[in-house]
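Coordinate inspection notes
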Amino acid sequence: MAENSTRTAYTVDSLLAVTVGVFNERGYDGTSMEDLSRAAGISKSSIYHHVRGKEELLELAVGRALDALFGILAEPEALTGRSVDRLEHVVRRTAEVLLAELPYVTLLLRVRGNTATEQWALERRRDFDHQVAELLGAAVAAGELRADVEPRLATRLLFGMINSIVEWYRPDGKHTDGVAEAVVHLAFDGLRA
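Along each chain, numbering runs from 1 in the same order as the chain's sequence is written. Where local features are concerned, this predicted model is filtered to residues with pLDDT of at least 70; where side-chain atom pairs are given and counted, the filter is 80 or more; whole-chain, interface and lining totals use all residues. Side-chain measures here rest on the full set of heavy atoms in the structure, leaving out hydrogens and waters.

Here the focus is the overall build of the protein chain. When its secondary structure is counted, the protein chain shows 12 helices and 0 strands. Taken from the N to the C terminus, the helices and strands of the protein chain come in the order α-α-α-α-α-α-α-α-α-α-α-α. Seen through its C-alpha atoms, the protein chain measures out along the principal axes to roughly 70 × 35 × 30 Å. A total of 193 residues make up the protein chain; the buried ones form 45% of that total. A separation of at least 24 residues holds for 67% of the contacts in the protein chain among residues at least 6 apart in sequence. Put simply, DSSP marks the helices as runs of H or I at least four residues long and the strands as runs of E at least two long, and each gets a number from the N terminus on. Only protein chains enter the accessibility calculation, which uses a 1.4 Å probe; a residue is then buried when its area is under 20% of its type maximum, exposed when over 50%, and partly exposed in between. Working rule for contacts: check all heavy atoms of both residues, and any pair within 4.5 Å makes them a contact.

We count a salt bridge whenever a side-chain nitrogen from Lys or Arg sits within 4 Å of a carboxyl oxygen from Asp or Glu. Enumeration according to the criterion identifies 14 salt bridges in this entry. Here R64 makes a salt bridge to E101, at a shortest N to O gap of 2.7 Å. Placement of the pair is R64 in helix α5 (residues 54-73) and E101 in the loop between α7 (83-100) and α8 (102-110), with a sequence separation of 37 residues. Residue R64 is classed as partly exposed on the basis of its relative accessible area, which comes to 33%.

Note on terminology: a nonpolar core comprises buried Ala, Val, Leu, Ile, Met, Phe, Trp, Tyr and Cys residues joined through side-chain atoms within 4.5 Å. Counting residues in hydrophobic clusters, the biggest one holds 62 residues, and the most contacted among them are I47, L57, L87, V91, L145, I165 and F188. Counting residues per element, this core draws most heavily on α5, which supplies 10 residues.

The sites that carry the UniProt feature "DNA-binding region" (unreviewed entry) are, in the present numbering, residues 32-51. Split by type, residues 32-51 is 75% helix and 0% strand. Its first and last C-alpha atoms lie 14 Å apart. UniProt positions are given in the numbering used here, feature names are shortened, and annotations may be inferred rather than shown by experiment.

Now the structure itself:
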């Protein structure tokens, strides 16, 4: 009986944090509700008290990452000014969001389209990429960026650099501030007209 009184009271957010860790470690397909209940230290029925199931947890997790990314496109610095400055802001903030939401963005980058939720997440990612490619294209058309690299290719290369952060970055408190700036400098010193 004393064991129950010392259990952590879970909210959807705290359950989600545990879930994302397990999904990133075991993969979404390789994770069972039993795995999640063990990791959270609660019963499966307690999980079902908060969500309908594993796919809803995936939707909440990747939705959090996607909402943060799309939020960047709505920031004033992404909406007004020269295209190149807007693009630079989006690139910097994308790296910052990746660092701030590392487990959630990591999970987003690992979805492959095996479920309806994964297909939805991939479609939203493509939409985000497309909007950034349009912004990059506007900067090229304005003569602010090199015209010899096709905008969609340049966008893929930019995201390749940013997204690779999930593979090597370890949040130990060091180098957090320098990562986003390094991405911006490497990208724009190589792209500027």
